[in-house]
Structure formats: structure tokens, C-alpha cells
Amino acid sequence: MLLQILQDALFAAIAAIGFSAISNPPKRAYFYCALLAAVGHSLRFVLMQAPGIGWHIIVASVVAAFIIGVLAVFLSPKVKTPAETCLFPALLPMIPGIYAYKSFGGLAMSILAIGEESFNHYFYLFAYNGLTCLFILIGMVTGATIPIFLFKNISFRATR
Amino acid sequence: MDSTSYSVTSKELCLFLSRYAVFLLGCGATCIRLEKNVRRMAHAFGKDVELTIMPRHVHMTVYGKDKNEMFTSIDTVLHTAISFDINTRLSELSWEVADRKIGFFEAKERFESIISSRSGNRWVVLLLVSLANASFCRLFGGDWVAMLMVGIATLAGFYLKQQLLRRGFDARVTVFFCAFLSSVLGATCALYGWGTTPDIAIGTSVLYLVPGIPFLNSFSDMIYSHYICAFSRFVDALILTGCLSVGLCCGMLLMNIGMF
């Protein structure tokens, strides 16, 4: 289990570095992006997979996002970047991309479906994937933004 | 002229702040940050500012404390690539102004140099993105073969994205073609029966195209009641995801693989 958690953290960190590179962060922010992503993703992994916890992906994402939101707010004055600069790229590995395009796939298949049963099946896939994706996103951003909002004095002064 | 003691007119300040605002919004800042940065700088020059942020325009009025002189301007938001580096440096600039470290003319000069700075090395970005998507495949439970194929699919797809965007192709068309190319390459595992997780390879091969930052910015704007900007950013991101899905579906159809 410990090995799995460490592996999850490592690959999440690599993923965060690469995906954040697309949105040109300042060089000093890379390390913190990777750190936050590793903490966030492995925490979500633990909350979902650990025996006795086994939370739903939505709840686990919200809690993980909130924790790294708090971390980001307190780290941002140290890095001298706005909190989002480290936080948003760190959230990228948790973005439910597969749910997003599966819901589009389901929509397309339900339009093309022949007969009620097959339509219902694909419409279910569309609705299930779409709703899960939407609520993970809303939950993640809410969870991650609440700390920025709570500690306004720190988060909007970080670049001072 | 000593720039720190120079008394700025509402017109000069408004024209500067308006340009600052459209660049900050264009490089992917949230609305709340834009409001705070602009207001902070206006106060530093003894002025007040009110602004409306629309999806494609920023409408701003700067006025003196007694409202005797006012200036209003509307500028079009620039659609440049998202850059947290420019975002960070423009936020730093606003604090330097607020703490009276620099005057108006110096701030203008600093602004021009920030917006003309170049982004990072694109080859490094290409390599990092490919590694990132390969690790992403691992996070979803893919084996080493799947990771390798996803890495190659991303390398090719992201290279195509860079080339098409440089040539001024529409972002939606670009995403469609990249998703198509990456999914066809990602399907190689399934085609030749390599590895044990070919389905994960196809699924993750296109994930580097998911517009994550626009989705996050959209919900951040929503939390601060900027509903119009939130909605427009959300629709932008949704359309890109739609183009991605269509590209992926076409790739899977070509390779004769079902999504579900």
C-alpha cells in the first residue's frame, strides 16, 4: 500500500510538471506545483482506496483539493507567486478528463442509438459521466478556492 | 521629471490600466485577481476605478476622489496563450506600484517589457508534456507498454498542436486534429495486442488536450459571482472538450475500436 501511495505521488508530480508547462508558470513554481500535486493526488488515492475509508471520488477530490489549497496559500508568500500559480497546475492531474470525453461519447452514441434500451444505456453513460465530471470539477475548485478566500490577506499579498 | 511625484490624470491612468487588464485576463487570470490588482494600482495614484469584466471586453472608468474628472475606456481582451509567468509578474507589478516603489512611467515601461517577454523553450515543454501524459497513463493503471505508447502519441500530438497554433490555426480545429492523431497512435497497443492495458492507452492518449485551466478559472469566477465570465469560460472549455471527443471518436472509428 505504501509503495502504491508513493508511486501515485511520484507520477502525479511528473504529470503536474508537464501539464503546468503548457501554461508557462514561472520557473521557481515548478517544484511547488509538483509537491502540491503529489500531496493532493496521493491523498485522494488514499481516501478512495485505503481499506476502511473508500470514499466516493467526488468527496475525496474535494477534501484533497481543500488540503492542497491550504498548503498553497501558506506556500505562496514563500514562492512569491499568486496562490493560483502553484495551485491550479497542481489540480490538473485530478481533472476528470476521462469522464469528460466519455460523457460526450455517450451523448453521440445515444443520438445514434436505435431502440429504447440501447438509447437508455448510452444516455445513462452520458448522464453518469457528465454529472460525475461536473461535480468533481465544482467540488475541486470550491475546495481549493475556499482557503484562498479564507486567508485573503495572505493569498492576494503573496507577490508583494 | 521625477516620476514618483508626477500627478497622473484619469485619462492616462485609465488607458494604462485598461491595457493591463486585457493582458492579465488574456494570459488566464481569474476575474477576482484582475479586480484586486487594478484597484490596488488605481488607489496608489489617488484615483478610484470601477470596471465591468465581460468575456471579450473590459470596460473601465477611472475617476478622482471628487469625481470631477473621469475617463472611461473599453478594450478587447487579448486571446494569447495562458501564461502563469506573465500573470505572476503583472501581479508583482501591481504591488510595486501600490507600495510606491515605482512611479507611473516606470510602471508603464515595466509593463511593456513583461508583455513582450517570450515563453519557455517549446522543445522542453514538448518533452515534459509527453512525460506527464505517460505518467498519467500510469496513474490510471496502465502498464509500461501503454505508458510508452501514450508518451509517443502525446509527443506526436503535442508537436502537431504547437505547429498548427504557430501557423494560426483555430484552437478547436487544432484540438480535433491532435486528438485524432494521438488516439490513432494510442490505439497501436490494441491493434497489435501489446501489453495488458490497451484500453487505458487509448483513453489517456488525448488527456493532455483537456482544457484544465479554463475549467478551473471558470469555477473560480463562479464562486466570486462573475457568472457571465464563468459561463463563457466554461462554454469555451466545453467546446474544446467536445472537439477532443469528436477527434477521439473519429480515431477510434478508423481503428475499429469502441469507446465503451
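All figures in this text were calculated on a predicted structure; none of them were measured in a lab. (Residues numbered from 1 in each chain as written. Chains lettered and ligands numbered in written order. Predicted model: local features only at pLDDT ≥ 70, side-chain atom pairs only at ≥ 80, totals over all residues. Heavy atoms only, no water.)

## Focus on the overall build of chain A
Then comes step 1: Counting its regular elements, chain A contains seven helices and zero strands.
Then comes step 2: In sequence order, the secondary structure elements of chain A are arranged as α-α-α-α-α-α-α.
Then comes step 3: Out of the 160 residues belonging to chain A, those deemed buried represent 52%.
Then comes step 4: When contacts within chain A are restricted to residue pairs at least 6 apart in sequence, long-range pairs at least 24 apart make up 72% of them.
Then comes step 5: Split by element, the accessible area of chain A, about 7,000 Å² in all, is 72% carbon and sulfur.
Then comes step 6: Here chain A contributes 9 positively and 4 negatively charged side chains, and the mean placements of these two sets differ by 30 Å. (Helix = DSSP H or I, 4+ residues; strand = E, 2+ residues; numbered from the N terminus. Buried < 20%, exposed > 50% of the residue type's maximum accessible area, 1.4 Å probe, protein only. Contact = heavy atoms within 4.5 Å. Areas by Shrake-Rupley, 256 points an atom, 1.4 Å probe, with all protein chains shown as cover. Lys, Arg positive; Asp, Glu negative; His and termini not counted. Charge placed at Lys NZ, Arg CZ, Asp CG, Glu CD.)

## Considerations on the overall build of chain B
Then comes step 1: Per the secondary structure count, chain B includes 11 helices and three strands.
Then comes step 2: Secondary structure elements in chain B, listed N-terminal to C-terminal, are α-α-β-β-β-α-α-α-α-α-α-α-α-α.
Then comes step 3: Each principal axis of the C-alpha distribution contributes one length, and for chain B these read about 75 × 30 × 30 Å.
Then comes step 4: Counting over 260 residues, chain B shows a buried share of 53%.
Then comes step 5: Taking contacts inside chain B between residues at least 6 apart in sequence as the whole, the part at least 24 apart equals 63%.

## Quick look at empty space enclosed by the protein
Using a probe with the size of a water molecule, rolled over the atoms, empty space left in the structure can be pinpointed.
Then comes step 1: Throughout the structure, instances matching the rule amount to one cavity of 30 Å³ or more.
Then comes step 2: Of the voids in this model, the largest cavity is the one considered here, and its volume is about 60 Å³.
Then comes step 3: Lining of the largest cavity is provided by Glu84(A), Phe88(A), Thr145(A), Ile148(A), Phe156(A), Thr30(B), Ile32(B), Arg33(B), Ser220(B) and Tyr224(B).
Then comes step 4: Broken down by secondary-structure element, the contributors of at least two residues to the lining of the largest cavity are α4 (83-91) and α6 (116-150) of chain A together with α2 (31-44) of chain B. (1 Å grid on protein atoms, 1.4 Å probe; cavity = no way out; pocket = protein on both sides within 12 Å on 5 of 7 lines; lining within 4 Å. Points joined across faces, edges and corners; volume = space filled by probe spheres on them.)

## Comments concerning the pairing of strand β1 (residues 47-53) of chain B
Residue and element names in this part refer to chain B.
Then comes step 1: Residues Lys47, Val49, Leu51 and Ile53 point to one face of β1 and are all buried, whereas Asp48, Glu50 and Thr52, pointing to the other face, are not buried.
Then comes step 2: As paired strands, β1 and strand β2 (residues 57-64) are joined by seven bridges and run antiparallel to one another. Counterpart to Leu51 in the pairing with β2 is Met60.
Then comes step 3: Counting the residues between successive antiparallel strands, the hairpin from β1 to β2 contains three residues. (Pairing = 2+ DSSP bridges.)

## Thoughts on the layout of surface pockets
Then comes step 1: Its boundaries defined by the atoms lining it, the second largest pocket holds a volume of some 520 Å³.
Then comes step 2: Around the second largest pocket sit 23 residues that line it, and Asp8(A), His41(A), Phe45(A), Leu139(B) and Phe140(B) are the ones nearest its centre.
Then comes step 3: For the lining of the second largest pocket, the secondary structure elements donating two or more residues are α1 (2-22), α2 (30-49) and α5 (97-112) of chain A together with α5 (122-139) of chain B.
Then comes step 4: Ranked by residue count, the leading element in the lining of the second largest pocket is α2(A), at five residues.
Then comes step 5: Residues belonging to the lining of the second largest pocket are distributed by class as follows: 13 nonpolar, seven polar and three charged. (Nonpolar A, V, L, I, M, F, W, Y, C, P; charged D, E, K, R; others polar.)

## What about the confidence of the model for chain B?
Reading predicted coordinates in detail is not appropriate for stretches of low pLDDT.
Then comes step 1: In the predicted model, chain B carries a mean pLDDT of 89, and 97% of its residues have values of at least 70.
Then comes step 2: Taken element by element, chain B is modelled with least confidence in helix α8 (residues 188-192) of chain B, mean pLDDT 84, and with most confidence in helix α7 (residues 171-186) of chain B, mean pLDDT 94. (pLDDT = per-residue confidence, 0-100.)

## Some words on the UniProt feature "transmembrane region" (unreviewed entry) in chain B
All names here are of chain B.
Then comes step 1: Here the UniProt feature "transmembrane region" (unreviewed entry) sits at residues 16-34, 120-136, 142-161, 173-194, 200-216 and 237-259.
Then comes step 2: With 79% helix and 0% strand, the stretch residues 16-34 has end C-alpha atoms that lie 14 Å from each other.
Then comes step 3: For residues 173-194, the helix share is 86%, the strand share is 0%, and the end-to-end C-alpha distance is 31 Å. (UniProt positions renumbered as here; feature names shortened; annotations may be inferred.)

## Here we look at the domain arrangement of chain B
Residues and elements named next belong to chain B.
Then comes step 1: Annotation of chain B at the domain level lists domain 1 (10-115) and domain 2 (122-254).
Then comes step 2: The centre of domain 1, based on its C-alpha atoms, is set 34 Å off from the matching centre of domain 2.
Then comes step 3: Facing 12 residues of domain 1, the contacting portion of domain 2 comprises 11 residues.
Then comes step 4: The largest share of the area that domain 1 buries against domain 2 comes from Cys31, Ile32 and Pro55, three residues that together contribute 43% of it. (Domains from an automatic or database assignment. Buried area = accessible area lost by both parts, 1.4 Å probe.)

## Points about a nonpolar patch on the surface
Then comes step 1: On the surface, Phe31(A), Leu35(A), Val39(A), Phe66(A), Ile67(A), Leu71(A), Ile146(A) and Leu150(A) cluster together into a nonpolar patch covering about 670 Å² of accessible area.
Then comes step 2: When residues of the nonpolar patch are traced back to their parent elements, those giving at least two are α2, α3 (57-79) and α6 of chain A. (Patch = residues over 30% accessible without salt bridge, like charges linked within 9 Å, V, L, I, M, F, W, Y side chains within 5 Å. Salt bridge = Lys/Arg side-chain N within 4 Å of Asp/Glu carboxyl O.)

## Comments concerning the packing of aromatic side chains
All names here are of chain B.
Then comes step 1: For the structure on display, the rule yields 21 aromatic pairs over all chains.
Then comes step 2: Taking the centre distance of 5.2 Å and the plane angle of 20 degrees together, the rings of Tyr192 and Trp194 count as stacked.
Then comes step 3: Trp194 gets classed as partly exposed once you look at its relative accessible area, which sits at 41%.
Then comes step 4: Taking 5.8 Å as the distance between ring centres and 65 degrees as the angle between the ring planes, the aromatic pair formed by Phe215 and Phe234 counts as edge-to-face. (Phe/Tyr/Trp six-rings, centres within 6.5 Å; stacked < 30°, edge-to-face > 60°.)

## What about the interface of chain A and chain B?
Put simply, an interface is often sized by how much accessible area is lost when its parts join up.
Then comes step 1: Of the residues lining the interface, 56 residues belong to chain A; the matching set on chain B comes to 55 residues.
Then comes step 2: Summed over both sides, the interface of chain A with chain B buries roughly 4,700 Å², with 76% coming from carbon and sulfur.
Then comes step 3: Taken together, the links from chain A to chain B amount to two salt bridges.
Then comes step 4: Taking the shortest distance from any N to any O, the salt bridge between Glu92(B) and Arg28(A) comes out at 3.0 Å.
Then comes step 5: Scanning the region where chain A abuts chain B turns up eight residue pairs in polar contact (both at pLDDT 80 or more).
Then comes step 6: Those elements that provide at least two residues to the side of chain A that touches chain B are α1, α4, α5, α6 and α7 (152-155) of chain A.
Then comes step 7: Of the residues belonging to the side of chain A that touches chain B, the class tally is 33 nonpolar, 15 polar and eight charged. (Polar contact = N/O pair within 3.5 Å; in protein donor to acceptor, adjacent residues only side chain to side chain.)

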